[in-house]
Amino acid sequence: MKTRLGIYTFLLLAFPLIGLYLTGIEWSELEMRVLQGDANIVNPPATLLTTLMMAGYIVFINHINKLVNGVQPFKGQLNYLLWVGGAGALLCWMLVYLNIYVASWASQSGNPVMQGLLYTPLFAMLAPAVLFTRAFIAALPNVLKLTSSRHTFTPPAADKLAYLMLALGTLALFGAAALPVSFALAIWSAPLLLLMGLQLLWNESTVFSGLKTGDNGRMICAALAGLVVGNFALFAYHSNGGLTLLESGWVTQLGLLMFGLLCMQLADVLAENWRGKKRSELYPKKKFPIPVVVKKN
């Protein structure tokens, strides 16, 4: 797991830089693409209020899950959710980094330390929010039945498919620096393609594995969850006075769908760390508070 995530991080960070070096474009030229007008003004109150609203959303959707299912899907999985939140925050910062190459939204200049403190807590809530929302959507009546299909899809061999995904993801990252307009949409599919390609190389499943059996619910629910969470976060930020200059609406919505799939795939990778462990290891019994001493006669 750690090896895959390390390789994944390296690929996302290094390949656009290599493409930039090969094309001879200066870094300063990239910065000018994303620094636009009033969006340069950092709005701490808007970010903090959005973070609070996202925290409230997570509590709310978790309570709704309990009402719908009778159980809380992630109760007792605090360590797992913390890992998902931390990895999700790092993922969001890498997406911010990729945006420098294609300028899909206007960035904000200013103190990077302050921005890190402001945005990291917000970014850390997005992936867990997607998981909670996906669980809620999947628990709605007849959703899984409606999203299942008799039609199945037989993919190519895992190794061939892995190399294809890695090649497409690499091409998108290389092309982002040279042809930002042409690759503006492709680059947002690169993180998902690369992560799925690495999963297949390690003989693990992907979010699209259900297509082989006609079980499309997990994939569809994850994509819809990304759409719901992403739009809620954008609504909260805008309603609190924040400014983000995004591309056309359908591009944004498509990006949010892919973000939901990416969060689900990342959560699956992290879940491997708990695979094969006994319940007693995951939920250790509490020690009896009063020591009992047995004396021999």
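Residues numbered from 1 in each chain as written. Predicted model: local features only at pLDDT ≥ 70, side-chain atom pairs only at ≥ 80, totals over all residues. Heavy atoms only, no water.

Observations concerning helix H5 (residues 112–139)
Structural remark: α-helix, 3.6 residues per turn; residues separated by three or four positions point the same way. Taking 1.5 Å of rise per residue, the 28 residues of H5 would be expected to cover 40 Å, and the 41 Å separating its terminal C-alpha atoms lies within 8% of that figure. Its axis deflected by about 35 degrees at Tyr119, H5 carries its strongest bend there, up to four residues before the proline Pro121. (Helix = DSSP H or I, 4+ residues; strand = E, 2+ residues; numbered from the N terminus. Expected span 1.5 Å × (residues − 1). Bend = angle between axes of the 7 residues up to and from the residue.)

Considering a nonpolar patch on the surface
A surface patch of nonpolar side chains, amounting to about 370 Å² of accessible area, comprises Ile7, Tyr163, Leu201 and Trp202. The topology assignment puts Tyr163 in helix H7 (residues 158–178). Exposure remark for Tyr163: the relative accessible area of 53% places this residue in the exposed category. (Patch = residues over 30% accessible without salt bridge, like charges linked within 9 Å, V, L, I, M, F, W, Y side chains within 5 Å. Areas by Shrake-Rupley, 256 points an atom, 1.4 Å probe, with all protein chains shown as cover. Salt bridge = Lys/Arg side-chain N within 4 Å of Asp/Glu carboxyl O. Buried < 20%, exposed > 50% of the residue type's maximum accessible area, 1.4 Å probe, protein only.)

Re the pattern of salt bridges
One pass over the structure, following the stated rule, counts 2 salt bridges. Its salt-bridge partner being Glu272, residue Arg4 comes within 2.6 Å of it at the nearest N-O pair. With Arg4 in helix H1 (residues 2–23) and Glu272 in the loop between helix H10 (249–271) and helix H11 (279–282), the pair connects residues that are 268 residues apart, well separated along the chain. Note that Asp268 is salt-bridged to Arg218, the shortest N-O span being 2.5 Å. With a gap of 50 residues between them, Asp268 in helix H10 and Arg218 in helix H9 (residues 217–239) connect regions that are remote in the sequence.

Describing the packing of aromatic side chains
Summed over all chains, the structure comprises 5 aromatic pairs. Where Trp93 meets Phe123, the ring centres are 5.0 Å apart and the plane angle is 75 degrees; that geometry is what we call edge-to-face. A residue pair is termed long-range when its members are at least 10 positions apart, and Trp93 in helix H4 (residues 78–102) and Phe123 in helix H5 qualify at 30 residues. Exposure remark for Trp93: the relative accessible area of 28% places this residue in the partly exposed category. A relative accessible area of 13% means that Phe123 is categorised as buried. A network of ring pairs unites the aromatic residues Trp93, Tyr119 and Phe123 as a single cluster. (Phe/Tyr/Trp six-rings, centres within 6.5 Å; stacked < 30°, edge-to-face > 60°.)

Examining unusual backbone geometry
Look at Asn203: it is not a glycine, yet its phi comes out positive at around 60 degrees. Within the secondary structure, Asn203 sits in the loop between helix H8 (190–201) and H9.

Quick notes on H4
For H4, built from 25 residues, the straight-helix expectation of 36 Å at 1.5 Å per residue is met to within 8% by its first-to-last C-alpha distance of 36 Å. Of the residues one or two after H4, Ala103 is the one with positive phi, at around 55 degrees.

A word on the layout of surface pockets
In this structure, the second largest pocket encloses a volume near 320 Å³. For the lining of the second largest pocket, the elements supplying multiple residues, two or more each, are H7 and H8. When its residues are assigned to classes, the lining of the second largest pocket shows 11 nonpolar, 3 polar and 2 charged. (1 Å grid on protein atoms, 1.4 Å probe; cavity = no way out; pocket = protein on both sides within 12 Å on 5 of 7 lines; lining within 4 Å. Points joined across faces, edges and corners; volume = space filled by probe spheres on them. Nonpolar A, V, L, I, M, F, W, Y, C, P; charged D, E, K, R; others polar.)

Describing the environment of Ile187
Counting through the fold element by element, Ile187 comes out in the loop between H7 and H8. Sequence separation between Ile187 and Leu95 is 92 residues; the distance between their C-alpha atoms is 9.7 Å. Residues in contact with Ile187, not counting those within four places in the same chain, are Leu98, Val102, Ala172, Leu173 and Ala176. (Contact = heavy atoms within 4.5 Å.)

Notes on the environment of Phe136
By secondary structure assignment, the location of Phe136 is in helix H5. Once residues within four sequence positions are removed from consideration, Phe136 is found in contact with Ile61, Ile64, Asn65 and Val68.

Here we look at the nonpolar core
Tyr8, Met54, Tyr80, Leu98, Leu126, Leu173 and Leu270 are the most contacted members of the largest nonpolar core, which has 80 residues in total. Listed by contribution, the elements that provide at least two residues to this core are H1, helix H3 (44–69), H4, H5, H7, H8, H9 and H10. Excluding its chain neighbours within four sequence positions, the residues that come into contact with Tyr8 are Leu91, Met94, Pro191, Leu192, Leu194, Leu195, Leu198 and Leu262. (Core = buried A, V, L, I, M, F, W, Y, C linked by side-chain atoms within 4.5 Å.)

Function cannot be inferred from these measures alone, as they are strictly geometric.
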